[in-house]
Amino acid sequence: MRESGVLMHLSSLPSPYGIGTMGKEAFRFVDFLAKAGQKIWQILPITPTGYGDSPYQSFSTYAGNPYFIDLDLLCKSGLLKKGEYASINWGDDPCAVDYEKLFQNRLPLLNKAAARFFAAPPKDYETFVCEQTAWLEDYALFMSLKTENGGAPWYEWPEEVRRHRYDALQSTYARLYDDVLFWRFVQYTFYKQWNALKAYANHSGIEILGDLPIYVAHDSADVWAHPELFELDEDLNPIEVAGCPPDYFSETGQLWGNPVYRWQVHRETGYEWWLGRIAHATQVYDRVRIDHFRGFESFWAIPAGDETAVNGCWKAGPGMELFHRVNQRLGSAKIVAEDLGLITPQVRALLEESGYPGMKVLAFAFTPGVDSDYLPFHYTSNCICYTGTHDNETVLGWLRSLSKAELSYVKNYTRAKTIEDCAQNIIALAWSSPADTAIAQMQDFIGLGNEARMNTPSTPSGNWRWRARKEHLNARLASKMLALTKLYWR
């Protein structure tokens, strides 16, 4: 079945409170997608943002981001008063998230809501806590201890709690019980709002494609609770960290800094940690994009302490053994493989054996004189064609950055005379391609330049900030998207 969709993170939705949330504008965006004839809403990880405000450096692979909790919905349920948040300065630029102001103002409001919530908690609260206890208690303790230790990473905490020792955790639980309750409340509220939004999207004929990063942050509840699963030394510091070698995005490679996996231990445990993680993702989303899929064939391991990724080396991943276990446990889960980067015959073989659709990015296709695999006539149907991902420039920004020869090639290929027409024709090229699924960033439909770029790899700050204006998501644009989608039978 041919289908299409839009890539836009929750954070990029319009909102008067500093960042997109799971409130009215999210439901309005679902309506917009339905009117535009789209079937997929792709988002980035919805987990709490950590270092550099990145959703790929989270404190938990399971928890939801507190910033996405909608304040108006809390007000409607009696947990907040409008005056408590409406007059707060959430940022001066409606097209950019101000993470510092969110950090300063969001949690105090949620603490007020939690105090009112626990005066008479609803019956389904205890059910939620019991159902999510496998990860929720570690996360609630982790965040409580992080607060107590002034935000310091867990590997700088006192020895007993740093090593996740049972007796120390029991005394911590008693000492910080009110904080633990707060973090439970935050997750209950997040998933209450998320499930309502997802149900509305599904009822409107739209599936949500979520993102599962291959790695987790060193400073996370996941590594703190399960250090044996990661390549850490006796002092719980990484021996090797993740990244990727020099490529299209960076001449010195990308140094992500996440600890790499101790795959032999995962194999000995039947990959239970991974099975639980993927199972959770398939419950939260309708489809799951597994980030950096090539890392399961082999991964780039960089000596901890290096300042670039240049000195890394390739090491073997679990290969198809892991995904055989996934298929046995989860059956026909809808999984997408992010197969970008340095793709070898071995990675291609893994993708083919898995049966998962891979990704094709048109922004990588146009090098004069090169018969690129990313040109649409090479595609099979079992793939997703993107104009660009969150790591790319917007299409308009990319076109403006091309050399004269490169731009001439793209214009000739897309039969366009101006850069603006070329940008729109790139979207049409994706929609007309043989790929079963075509997806474009919302910025590309709106026609924005690199001022709206979501992320520039290997830059530690200034990313993940772009937000749409309410007027961007109008009936005229929806009608234009619908016409394109009908034209190419998606």
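Cut-offs used in this document
Residues numbered from 1 in each chain as written. Predicted model: local features only at pLDDT ≥ 70, side-chain atom pairs only at ≥ 80, totals over all residues. Heavy atoms only, no water. Core = buried A, V, L, I, M, F, W, Y, C linked by side-chain atoms within 4.5 Å. Buried < 20%, exposed > 50% of the residue type's maximum accessible area, 1.4 Å probe, protein only. Helix = DSSP H or I, 4+ residues; strand = E, 2+ residues; numbered from the N terminus. Contact = heavy atoms within 4.5 Å. Phe/Tyr/Trp six-rings, centres within 6.5 Å; stacked < 30°, edge-to-face > 60°. Pairing = 2+ DSSP bridges. Polar contact = N/O pair within 3.5 Å; in protein donor to acceptor, adjacent residues only side chain to side chain. Axes fitted to C-alpha atoms, helices over the stretch in contact; angles between N-to-C directions. Parallel < 35°, antiparallel > 145°, perpendicular 65-115°, else oblique. Left-handed = near helix turned anticlockwise from the far one by under 90°. Nonpolar A, V, L, I, M, F, W, Y, C, P; charged D, E, K, R; others polar. Disulfide = S-S within 2.5 Å. Arc of directions from axis to C-beta. Expected span 1.5 Å × (residues − 1).

**What about the nonpolar core?**
Core analysis: the largest hydrophobic core is formed by 162 residues, its most contacted members being F29, W41, W194, W274, F296, L399 and M442. With 12 residues, helix α8 (residues 177-203) is the single largest residue contributor to this core. Apart from residues no more than four positions distant in its own chain, M442 is found in contact with V6, L7, M8, F29, F32, W466, L473, L477 and M481.

**Here's the deal with the packing of aromatic side chains**
Enumeration according to the criterion identifies 51 aromatic pairs in this entry. Arranged with centres 5.9 Å apart and planes meeting at 20 degrees, the rings of W263 and W274 form a pair that is stacked. One end of the pair, W263, is in helix α10 (residues 263-268); the other, W274, is in helix α11 (residues 272-284), with 11 residues separating them in the sequence. Assessed through its relative accessible area of 7%, W263 is described here as buried. For W274, a relative accessible area of 0% puts it in the buried group.

**Structural notes on the pairing of strand β4 (residues 240-244)**
With respect to burial, β4 is a largely interior element, 5 of its 5 residues being buried. Because side chains alternate across β4, one face comprises the buried residues E240, A242 and C244, and the other comprises V241 and G243, equally buried. Examined bridge by bridge, β4 and strand β7 (residues 298-303) share 4 bridges and lie antiparallel to one another. Across the sheet, the residue bridging to V241 is I302, located in β7. Both β4 and strand β5 (residues 254-259) contribute to a ladder of 3 bridges, which runs antiparallel. Bridge pairing in β5 links V241 to P259.

**Side note on the side chain of S15**
Tracing the sequence through the fold places S15 in the loop between β1 (3-7) and α1 (24-35). Judged by its relative accessible area of 16%, S15 is buried. Only 3.0 Å separates the side chain of S15 from the backbone nitrogen of Y17, close enough to count as a polar contact. Here I19 takes part through its backbone oxygen, which lies 3.1 Å from a polar atom of the side chain of S15.

**Points about the environment of A134**
Relative to the assigned elements, A134 resides in helix α5 (residues 133-148). A134 gets classed as exposed once you look at its relative accessible area, which sits at 72%. Residues A134 and G276, spaced 142 residues apart in sequence, show a C-alpha to C-alpha distance of 9.4 Å.

**A few points about the packing of α11 against helix α12 (residues 320-330)**
Axis separation between α11 and α12 bottoms out at 10 Å; the angle between their running directions is 55 degrees. The orientation of α11 relative to α12 falls into the category oblique. Two packed elements cross with a definite hand, and for α11 against α12 that hand is right-handed. Along the contact surface, α11 presents E272, W274, L275, I278, A279 and T282, while α12 presents L322, R325, V326, R329 and L330. Tallied by class, the residues present in the contact of α11 with α12 amount to 7 nonpolar, 1 polar and 3 charged.

**Regarding the state of the cysteines**
Note on terminology: a disulfide is the covalent bond linking the sulfur atoms of two cysteines. Under the definition given, this model contains 0 disulfides. Free cysteine: C244, not disulfide-bonded; nearest cysteine sulfur from C313 at 14 Å.

**Quick look at the sheet that holds β5**
Within a sheet, each strand pairs with its neighbour through backbone hydrogen bonds, oriented either parallel or antiparallel. Pairing in this open sheet of 4 strands is antiparallel, and the strands run β5-β4-β7-β8 from one edge to the other. Two strands close off the open sheet at either side, each with one partner strand: β5 and β8 (313-316). Geometrically, the sheet is characterised by an average inter-axis angle of 50 degrees between neighbouring strands, direction not taken into account.

**Here we look at the side chain of T61**
Residue position: T61 is located in the loop between β2 (40-42) and α2 (71-76). For T61, a relative accessible area of 11% corresponds to the buried category. Here R277 takes part through its side chain, which lies 2.7 Å from a polar atom of the side chain of T61. Excluding residues within four positions of it along the chain, T61 makes contact with T47, L212, V216, D222 and R277.

**What to know about helix α4 (residues 123-131)**
Because the α-helix completes a turn every 3.6 residues, residues three or four places apart line up on one side. Taken together, the buried positions of α4 are Y125, F128 and V129. Viewed along the axis of α4, the buried residues span an arc of 95 degrees, placing them on a single side of the element. In α4, the exposed residues that point more than 90 degrees away from the buried face are K123, C130 and E131. Buried residues in α4 make contact with α3 (99-117), α5 and α8.

**Some words on the environment of A349**
Counting through the fold element by element, A349 comes out in helix α13 (residues 345-354). Here A349 falls in the partly exposed class, since its relative accessible area comes to 42%. Along the primary structure A349 and E338 are separated by 11 residues, whereas in three dimensions their C-alpha atoms are 14 Å apart.

**Points about α5**
When the terminal C-alpha atoms of α5 are compared, their 22 Å separation across 16 residues agrees well with the 22 Å that a helix rising 1.5 Å per residue should span. The buried count for α5 comes to 12 of 16 residues, which makes it a mostly enclosed element. By the burial criterion, the buried members of α5 are W135, L136, E137, D138, Y139, A140, L141, F142, M143, S144, L145 and K146. Phi turns positive one or two residues past the end of α5, at G150, with a value near 65 degrees.

Purely geometric stuff here, so don't read any function into it on its own.
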